[in-house]
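Tertiary structure, described
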Amino acid sequence: TVAYAEFKARIGALCVMGLPWPSLLSLNVIQFLFLLALVTFARTDAKCDLEVPPRPKQQETLKVMKRDWVSHELVSEVAAILLEDVLMYDVVRHQPESGPLDDLKALSLDRADANFEVWQGGKEKELHKWVDNGHARITGGHSMLAEDGIYTLRHTIERFPEAEFYQYLQSPQLQWVFASSSFQKGEAESDPSHLCASPAWNCTDFIWQPPLCRNGTMRCLGQVLHDYPHYSQGVIEQQIANNGLPLSTVYLTRLSKQIAIWNAWASKKDILVKHHYPSEGVDGVPRSAFVPIQFSPKRYGCNATETATPEGGFSCRLEAKRLLKVASPRFMDSGDARYFAERFSLNSDDYDRLFDLWRHYDGDAYSAACSWLKEKGSLKWGSWIRFSKQVRFIREFPPVDGCFPTFYFFMISALTVAFVHQVLPSCFRACKGWCTRSKSDNPNWEPTDLSDIQRRMNDRANYTLPDFTSKLVACRSSSFVEVKMALLRGSMGFMSFFRDEEDFCYDPGKAMLPPRASSCFRQYFQTSLQVLVYILTSGLAHIAVSALIFALATGMVGALLAEVRATMEKNKQVDPLLQVEDWYTTWLSKMQTITVLMDDFKFLPTFFITYMIGQDVSRWLQWLQIMFKVQGRLHDVALVVASSYRKVNDPTIGKEQRQMLFKWYRYINAIHYMGYFKLAPSIGTSAEGVLQDLRTVGLLRDAECQQLQFATAKLRDTLVSWLGQLWHEELERGWVQSLDSDVFMRKICELRGVLAQLSDMQDMQISQMVRVMMVVVTNILLGLALIGYPTKMYEQTTECFQFWPLVASYLYFICYRGMLHVMFILDKGPFYAKGDCVNIDALLVSTERFVFHVFRTSFRSSEKQLQFALKTDLPFESEV
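Let me sum up the structure you'll find in this document.

How each quantity is defined
- Residues numbered from 1 in each chain as written.
- Predicted model: local features only at pLDDT ≥ 70, side-chain atom pairs only at ≥ 80, totals over all residues.
- Heavy atoms only, no water.
- Helix = DSSP H or I, 4+ residues; strand = E, 2+ residues; numbered from the N terminus.
- Buried < 20%, exposed > 50% of the residue type's maximum accessible area, 1.4 Å probe, protein only.
- Polar contact = N/O pair within 3.5 Å; in protein donor to acceptor, adjacent residues only side chain to side chain.
- Contact = heavy atoms within 4.5 Å.
- Axes fitted to C-alpha atoms, helices over the stretch in contact; angles between N-to-C directions.
- Parallel < 35°, antiparallel > 145°, perpendicular 65-115°, else oblique.
- Left-handed = near helix turned anticlockwise from the far one by under 90°.
- Pairing = 2+ DSSP bridges.

**Things to note about the side chain of Glu306**
Examined against the element boundaries, Glu306 turns out to sit in the loop between β9 (290-292) and β10 (321-327). Residue Glu306 is classed as buried on the basis of its relative accessible area of 6%. Separated by 2.7 Å, the side chain of Glu306 and the backbone nitrogen of Gly122 make a polar contact. Those residues within four positions of Glu306 in sequence are excluded, and the remaining contacts are Gln120, Gly121, Gly122, Glu124, Val235, Phe314, Leu318 and Lys321.

So this is what it looks like as structure tokens:
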């Protein structure tokens, strides 16, 4: 309607434009064709919606006979709609070209499949041949009796009561009464089977006369209005001929006969008609207006043998008989169709209501039948139905109905999230690495200045890329993520300046203080905002995304589970009495077993995780303890060395002792830096690289680097041994105190021990067998939860999407996999930027500043030295 209205509006707009009349005529023709196409499409696409759940097709075609009288059309449409829309057969409405007498033959030979309204009049021979001795089968009858015969109108009986009995139709008076409405000839359209032309009928102008009229014995003045001659074929004619009634029979179309009846009723004329019930009747003429002409009952000795031609001997009253339902052998072999045919039954009230609806829908039998089925509902026709064909879980490929769209949504969402979270970062990292290749990739390249060192340290730290959230937070408030960003960028204040001996030896107030560290040592989060920022910028965000993927996968399983449950419910709705053990029930029972197994299995992963988390937390704290021990031992060594040099202000050897302190200063800081070699990502794992870096910042000389290249496997231990050698050299020169030798040697031995302990922390991990077993059992539990949790949450529902099971599975994954992730992060140590990390730059700078101040604390300027000599009355040279 909307499409037609829009099209008509556009036509009207073109008319307003003043088009010539030929164009307007063409547009009107197009408009008519458009409307005809819409009507045709709407009719062919129409379907009676009886609110039946989706069911699989029977994959079988049935041909339902549909004759052209109204009651047969209505009954056939009711049956066809139920077979097509409820029992899911492919139904063809078959309209035979031959007469109703051939229906039983067609059913017996499988040329058609079912006739749901078979009138028995005149079909005794055919019933015996094609049903009793043939293959057609009677599946029952409707709950009412069909009536047929010669009728007149009530006002005729009121004037001539004797006209109700056939004997008085022989009187000349009544002959003239019924002759007033006679037709001179019948209608050719009323005889599609051409029976009138056969010798048995021998009609003249489609008017049949009994033998006594044709041979001139009597004159047939009265006339019986008959519709198609194949309706009750030959029976009415036999009644007339065998009872000696001088009545002719004129064959008219159904519409012409109804018009004649209505005119007779309206004008109170007398008329004889062939009439039957159930029938749609004649508009304006009540059913009670038709009065049957009475003939002798069968039990009084008349001939009751009905044949299909006027030459038969039938002379009795047409007894009311049941309307039969007859089916073909193929129809009877289809279980659901046979079940329906045996129980399908209409009563007189059903027929009357169908006729009312037929008139309401202007003769549209389909619409009337559909409306009647909706009006009565399944309480009426539900007992006729048994749908034994199992509803398949996958009814087509690819499946697109039921819960499968929800399944596809979860699957695409999970794959999209996984792709964005896992694949894209790797691609971006590879592209960035390829696009930002620098000369540092050349193994023969050596850093020449501080900027090269910083670039190289940044490249080493780039094995873990900064996430977008961290970058965003760093732009807004760098204090929240300063430690993390310092590690991710490889920035170190310790390596940002060159150590100059001359600058170190300056008098107090003139030397350059080592710069600040790139960040604090460790960050603590106390406020809710800080905790949220930490979650978003740490590895826990990765777990949150992985949990989302797990929840989406759970949604996929839940959608499939809901579809399985819906399939079972559909099968139960199809036939509650059908007891078939199928894989759906077996699958659901196994799912329930998985739920029980999951509940019993969760203790072991929980025990493992609790134990392992405790071990990894202890190990992570041990990292910090050793790092602080290394710093403490270096501070001790620096204190011993600083206190042993007593003449740093001596005019003669003070400068040399200051230079010697700078050498100690270089070695102590180089040892501290070497302590994190192969541990901190920014320092790297190349011995040549770390020596180049130390040489560039002035902590090692060229000759020292060349010497250390022969001890690349033990760089830290070699440097520590240099401290002992340097001490003894200074002791022989008399510049350090011999009393401090025992303390010094003990401290450097302790220093070597804690440095070795720090280096060995990488190998001090929990047993890999226990760790692997813990990961296996935890993943088994999550696998069971992926299947069992939806079963547990979807137990009482068939909805495709549910919110709370997704939330529950999301939290379940975070609780178990999140703790595994925490364990893995702690296992990486405190140098992993996306875990609970620390910045060794803070320790390095703190130690360097400590050594800087401790070594220079006894430095005095030249003016202060002169004032001190005058106050103590000592000559300046004596200090030499």
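**As for the packing of helix α25 (residues 654-674) against helix α32 (residues 840-856)**
Across the interface, α25 lies against α32 with an axial gap of 10 Å and an inter-helix angle of 165°. It follows that α25 is roughly antiparallel to α32 by the angle criterion. Taken as a pair, α25 and α32 cross one another with a handedness that is right-handed. Residues Leu661, Trp664, Tyr665, Ile668, Asn669, His672 and Tyr673 of α25 lie in contact with α32, whose contacting residues are Leu843, Leu844, Thr847, Glu848, Val851, Phe852 and Phe855.

**Focus: the environment of Asn202**
Inspection of the secondary structure puts Asn202 in the loop between α7 (172-179) and β5 (207-208). For Asn202 and Pro310, which are 108 residues apart along the polypeptide, the C-alpha to C-alpha distance reads 9.9 Å. In this structure Asn202 touches Cys196 and Arg214, once residues within four positions along its chain are discounted.

**Thoughts on the pairing of strand β8 (residues 272-277)**
Counted residue by residue, β8 has six buried out of six residues, so it is predominantly covered. Residues Leu272, Lys274 and His276 line one face of β8 and the alternating positions Val273, His275 and Tyr277 line the opposite face, and both faces are buried. By the bridge criterion, six bridges tie strand β4 (residues 137-153) to β8 in an arrangement that is antiparallel. Bridge assignment links Gly149 to a residue of β8, and that residue is His275. One ladder, built from two bridges, connects strand β6 (residues 222-226) with β8; its direction is parallel. Opposite Val224, over in β8, you have Leu272 as the bridge partner.

Everything listed here is a matter of coordinates, which is why it stays silent on function.
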